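Observations on the model geometry
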Amino acid sequence: MTTTVTNRIDRLFADRSRKRFIPFITVGDPTPEAAFHLVRAMVDAGADIIELGVPYSDPLADGPTIQRASQRALQHGVSIADALQLVSRLRESGVEAGIVLFSYFNPVLQYGIERFFADLAAHGADGVVIPDLPIEENGPAVAAAKQNGLHVISLVAPTSDTRIKTIGEQATGFLYCVSSLGVTGARAELREDLADFLQRVKASTTAPTAVGFGISTPEQVRAVASHTDGVIVGSAIVQEIEKHQDQLKDPAHMPEAVEKIKTFVQQLVSALQ
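Residues numbered from 1 in each chain as written. Predicted model: local features only at pLDDT ≥ 70, side-chain atom pairs only at ≥ 80, totals over all residues. Heavy atoms only, no water.

Notes on helix α4 (residues 80-92)
Our working rule: To qualify as a helix, a DSSP run of H or I must reach at least 4 residues; to qualify as a strand, a run of E must reach at least 2; elements of each kind are numbered from the N terminus. What a helix is expected to span follows from its residue count: subtract one and scale by 1.5 Å. Under the scheme applied here, a residue whose accessible area is under 20% of the maximum for its type counts as buried, over 50% as exposed, and between as partly exposed, the area being computed with a 1.4 Å probe on protein chains only.
Given a rise of 1.5 Å per residue, 13 residues ought to cover 18 Å, and the 18 Å separating the end C-alpha atoms of α4 matches this to within 8%. Of the positions making up α4, those classed as buried are Ile80, Ala83, Leu84, Leu86, Val87, Ser88, Leu90 and Arg91.

Looking at the packing of helix α2 (residues 32-44) against α4
Put simply, the rule is: Axis definition: a line fitted to C-alpha atoms, over the contacting stretch in the case of helices. Angles run 0 to 180 degrees between N-to-C directions. When an angle is under 35 degrees it counts as roughly parallel; over 145 it counts as roughly antiparallel; between 65 and 115 it counts as roughly perpendicular; any other value is oblique. Throughout, a crossing is termed right-handed when the near helix is turned clockwise from the far one, and left-handed when it is turned anticlockwise from it by less than a right angle. Contact definition: two residues touch when any of their heavy atoms are within 4.5 Å. Three categories are distinguished: nonpolar for Ala, Val, Leu, Ile, Met, Phe, Trp, Tyr, Cys and Pro, charged for Asp, Glu, Lys and Arg, and polar for the others, with Gly belonging to the last.
Contact geometry of α2 with α4 gives a least axis separation of 11 Å together with a crossing angle of 45°. With respect to each other, α2 and α4 are oriented oblique. Pair α2 / α4 crosses with right-handed handedness. Residues Glu33, Phe36, Val39 and Arg40 of α2 form the contact with α4, whose participating residues are Leu86, Arg89 and Leu90. A class-by-class count of the residues in the contact of α2 with α4 yields four nonpolar, no polar and three charged.

Regarding the environment of glutamate 259
Its location among the elements puts glutamate 259 in helix α13 (residues 254-270). Using a relative accessible area of 43% as the deciding quantity, one classes glutamate 259 as partly exposed.

Written out as structure tokens, the structure is:
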């Protein structure tokens, strides 16, 4: 059993006065090599925890931007095994940031629940977000995660309503608060009742909270930061990757494109300071 995994996320959130930044990237987008360099650049830009999306052919919670990223990655045949190898490579390259996978349950089930969490720990990850696995059915996954010193990160949405207390009581690592209804995607405005929702979530749990879904600008990062312990940005970053995908696929131009995305992430991180 490993214990360093849990300690890494818990250590990051130990100081609640410091807000944590959590960017999302799809493994293998636009190529496996580019994704590796992009993650390293995001860590250099100040990311505290990296969320690595495992590409999936039927991503129910993802909007068009991340769906396209999954399609680009699936063209390279990227799977859970590739995601695990990326984690190992990042650790071997000196990345100390927290790393969580974002995967739908079917690939985990096909891989084998106990094998998945054992391999996740062995490769140096800290946990996993499984958006389509409700807490009423997550017992085997939580047990396997705990056995390996990992976190299964729970999601809570404004529509969770009476389940907020139950979800909050079970949360470990951090509680992923969904800021908007529907699928992922950059949005021009945040929900008017977001602060009230986050207040209810915080009252339900001792775990740190992090807000994601729809947060896409430094102004939005700044707006939610006072209500949470961490901010998650996905689609806005993936849009930047998509915008520069041709450069990222070209070894000669990849460094320049990576630097542009690093600058974009730095602007988001700076809004937390």
